[in-house]
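Residues per chain are reported as follows:
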Amino acid sequence: MYETIQTRVEAGKVGVIALNRPKQLNALNDQLMDELGAALKAFDADDAIGCIIVTGSEKAFAAGADIAAMAKYDFAETYGRDYISRNWETMRSIRKPVIAAVAGFALGGGCEVAMMCDFIIAADNAKFGQPEIKIGIIPGAGGTQRLPRALGKSKAMDMVLTARMMDAAEAERSGLVSRVVPLDKLMEEALGAALVICSYGRLAVMAAKEAVNRSFESPLSDGVLYERRLFQALFATSDQKEGMDAFLAKRPAEFKGR
Ligand code: CAA
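Residues numbered from 1 in each chain as written. Predicted model: local features only at pLDDT ≥ 70, side-chain atom pairs only at ≥ 80, totals over all residues.

Naming follows an unreviewed UniProt entry, where the protein chain appears as enoyl-CoA hydratase of Ramlibacter albus. UniProt, in its Sequence similarities (unreviewed entry) section for the protein chain, records the words "Belongs to the enoyl-CoA hydratase/isomerase family." Taken verbatim from the UniProt record of the protein chain, the Function (unreviewed entry) comment is "Could possibly oxidize fatty acids using specific components." (UniProt positions renumbered as here; feature names shortened; annotations may be inferred.)

## Remarks on the packing of helix α9 (residues 202-214) against helix α10 (residues 220-233)
α10 packs onto α9 with a crossing angle of 170° between their chain directions and a minimal axis gap of 9 Å. By the angle between their axes, α9 is roughly antiparallel relative to α10. Residues Ala207, Glu210, Ala211 and Arg214 of α9 touch α10, and the partners they reach there are Gly223, Tyr226, Glu227 and Leu230. Among the residues making up the contact of α9 with α10, the classes are represented as four nonpolar, one polar and three charged. (Axes fitted to C-alpha atoms, helices over the stretch in contact; angles between N-to-C directions. Helix = DSSP H or I, 4+ residues; strand = E, 2+ residues; numbered from the N terminus. Parallel < 35°, antiparallel > 145°, perpendicular 65-115°, else oblique. Contact = placed C-beta atoms within 7 Å. Nonpolar A, V, L, I, M, F, W, Y, C, P; charged D, E, K, R; others polar.)

## Concerning α10
Compared with the 20 Å implied by 1.5 Å per residue over 14 residues, the 20 Å span of α10 between its first and last C-alpha is a close match. Among the 14 residues of α10, zero are classified as buried, and the element is accordingly described as predominantly exposed. (Expected span 1.5 Å × (residues − 1). Buried ≥ 20, exposed ≤ 12 C-beta atoms within 10 Å, placed from the backbone.)

## Description of the site of the ligand
Residues in contact with the ligand amount to 22 residues; listed here are only the nearest, Ala27, Ala63, Gly64, Gly108 and Gly109. Residue assignment for the shell around the ligand shows that the elements contributing at least two residues are α2 (67-70), β6 (105-107) and α4 (109-116). Taken together, the residues that form the shell around the ligand break down as 13 nonpolar, six polar and three charged. (Near = placed C-beta within 6 Å.)

## Observations regarding the nonpolar core
Counting residues in hydrophobic clusters, the biggest one holds 63 residues, and the most contacted among them are Ile99, Val102, Ala106 and Ala122. No other element matches the six residues that helix α1 (residues 30-45) contributes to this core. Setting aside residues up to four positions removed in sequence, valine 102 forms contacts with Phe61, Ala114, Ile120, Ala122, Ala123 and Ala126. (Core = buried A, V, L, I, M, F, W, Y, C linked by C-beta atoms within 7 Å.)

## Quick look at the pairing of strand β7 (residues 119-123)
When you tally the buried positions in β7, you get four out of five residues, the bulk of the element. Sheet topology places strand β5 (residues 98-102) next to β7; four bridges connect them, and they run parallel. Bridge pairing links alanine 100 to isoleucine 120 in β7. Bridge count between β7 and strand β10 (residues 179-181): three bridges; the pairing is parallel. (Pairing = 2+ DSSP bridges.)

## Here we look at the sheet that holds strand β9 (residues 166-167)
The mixed open sheet is built from four strands, whose spatial order is β4-β6-β8-β9. This sheet does not close on itself; its edge strands, each paired only once, are β4 (60-62) and β9. Examined bridge by bridge, strand β8 (residues 127-129) and β9 share two bridges and lie antiparallel to one another. Counterpart to phenylalanine 128 in the pairing with β9 is methionine 166. Against the sheet, α4 makes contact with β4, β6 and β8, and its axis sits at roughly 90° relative to β6, the strand it touches most.

## Structural notes on the sheet that holds strand β3 (residues 51-55)
What links the strands of a sheet is backbone hydrogen bonding, and the strands pair in either a parallel or an antiparallel sense. Taken together, the six strands give an open sheet; going across it, the order is β1-β2-β3-β5-β7-β10, and neighbouring strands pair in mixed fashion. The strands lining the two open edges of the sheet, one partner per strand, are β1 (5-10) and β10. Each adjacent strand pair in this sheet contributes to an overall mean axis angle of 20°, direction not counted. Of the strand pairs in this sheet, β1 and strand β2 (residues 14-19) are connected by six bridges, and their pairing is antiparallel. Opposite isoleucine 5, over in β2, you have leucine 19 as the bridge partner.

## Thoughts on the domain arrangement of the protein chain
Segmentation of the protein chain into domains returns domain 1 (5-198) and domain 2 (202-248). Its C-alpha centre places domain 1 at a distance of 27 Å from the equivalent point of domain 2. On the domain 2 side, the residues contacting the seven residues of domain 1 number five residues. When grouped by side-chain class, the residues that make up the side of domain 1 that touches domain 2 number two nonpolar, one polar and four charged. (Domains from an automatic or database assignment.)

Pasting the structure below:
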């Protein structure tokens, strides 16, 4: 069904999307971004799926936007058809958690797609970078905005202005990635995290994601209020009753997603 990505379901509840243009190190073209958007939406709409993992190959998560496709564009084309907006921000509309499992290169648009996921688990061979400056442009899918939020201004400027790559250890130290694991354990770790998330109440998981994302969009007082309203709303769910009853009865909770 898809040509530039592969999808599968693990353990009946985790949707896995693997970017798959190996000859181009998973460089991101319109077709890949359209297929990624469609696969994300399909998993988001599937009640059986509780969490999504986006990954690449052992050599590359994605080496950026497809330079061969982009090279011939001019201003009229990029501005006129708002190049890089087409399906690049679909990730933001996904309500279930999306984990990026990153091995190898995550450069340019690849780093930006990883940052659009909810958190990044990296293999020890992962390399992150925004090298666009080397080809006469700047990041165009949120790199200049999400990197400073993830790493702070100094490291973000360093990466965007010098184009240097950050290895997995530095990325973890800087807060860009949440965990680093040996390459051969990457999918096991990501799947483990996804299954932990799937074991919780679906509505609480979605509300938690929504609340954390809100922190990037609003002043603290608004964000705290938004969080409090979601917190209060969860008391209308049967999962809240079940979670607290189970804790008090010292038994595992059985969440129903309601
Ligand atoms: N677009 C198109 N093709 C790409 C590509 C890209 N971003 N990155 C790699 N490739 C292709 C190469 O052209 C090469 O193809 P051929 O075998 O046909 O020559 C193949 O993938 C393998 O690449 P290399 O031979 O270069 O592999 P390497 O191991 O020597 O180097 C690399 C790997 C450091 C990632 C290097 O390929 C590289 O620097 N790639 C470009 C990275 C980049 O500049 N990304 C930013 C793109 S702009 C962008 O993303 C804008 C945005 O913000 C959305």
